[in-house]
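Okay, here's what each chain looks like letter by letter:
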Amino acid sequence: MVHAKTKLMKKKFTLYILLLLLSFLSLGALFGGGALIIDPSGELLQIPVTMLEGSPFKNFLFPGSILLILFGIFPALLLYPLLKKPQWTWADVINVYNDMYWAWTY
């Protein structure tokens, strides 16, 4: 009984570490992506446009949009399901690992 309780406590601790790291990732990407969308020249974040040389982008609008959506909004939306584990069948539809909870695979 004690072993199972210790295992559960370790699992909760690692879950909270994951949630904390996802929060930091999301906040940083929301700030950075939002700043790059507001000012695609990169001057707001003091990023020179010369960093984009050799890439298909002329400014930071598209990279900022990717940063905002993929690393800002998406992880922020995963915080609630990882904490509360709601049973949303629509999210299970595109889960590639059927034996795992859908939020872990996303």
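Just above, that's the structure.
Residues numbered from 1 in each chain as written. Predicted model: local features only at pLDDT ≥ 70, side-chain atom pairs only at ≥ 80, totals over all residues. Heavy atoms only, no water.

### Things to note about the side chain of Asn95
And step 1. Positionally, Asn95 belongs in the loop between α3 (89-92) and α4 (102-105).
And step 2. Within polar-contact distance, the side chain of Asn95 engages the backbone oxygen of Met100 at 3.0 Å.
And step 3. Discounting chain neighbours no more than four positions away, the residues touching Asn95 are Met100, Tyr101, Trp102, Thr105 and Tyr106. (Helix = DSSP H or I, 4+ residues; strand = E, 2+ residues; numbered from the N terminus. Polar contact = N/O pair within 3.5 Å; in protein donor to acceptor, adjacent residues only side chain to side chain. Contact = heavy atoms within 4.5 Å.)

### Quick look at the nonpolar core
And step 1. In terms of nonpolar packing, the biggest core is built from 9 residues, these being Leu15, Leu19, Leu22, Leu78, Leu82, Ala91, Tyr101, Trp102 and Ala103.
And step 2. Contributing elements (two or more residues each) for this core: α1 (2-38), α2 (61-84) and α4.
And step 3. Here this core takes 3 residues from α1, the largest share from any one element.
And step 4. Apart from residues lying up to four places away in sequence, Leu82 is in contact with Leu15, Leu18, Leu19, Leu22, Ala103 and Trp104. (Core = buried A, V, L, I, M, F, W, Y, C linked by side-chain atoms within 4.5 Å. Buried < 20%, exposed > 50% of the residue type's maximum accessible area, 1.4 Å probe, protein only.)

### Considerations on the layout of surface pockets
And step 1. The volume enclosed by the largest pocket comes to roughly 220 Å³.
And step 2. Lining the largest pocket are 10 residues, with Lys11, Leu15, Leu82, Lys85 and Trp104 positioned closest to its centre.
And step 3. Elements with a minimum of two residues in the lining of the largest pocket: α1 and α2.
And step 4. Examining the composition of the lining of the largest pocket, we find that 5 residues originate from one element, α1, more than from any other.
And step 5. When grouped by side-chain class, the residues that make up the lining of the largest pocket number 6 nonpolar, no polar and 4 charged. (1 Å grid on protein atoms, 1.4 Å probe; cavity = no way out; pocket = protein on both sides within 12 Å on 5 of 7 lines; lining within 4 Å. Points joined across faces, edges and corners; volume = space filled by probe spheres on them. Nonpolar A, V, L, I, M, F, W, Y, C, P; charged D, E, K, R; others polar.)

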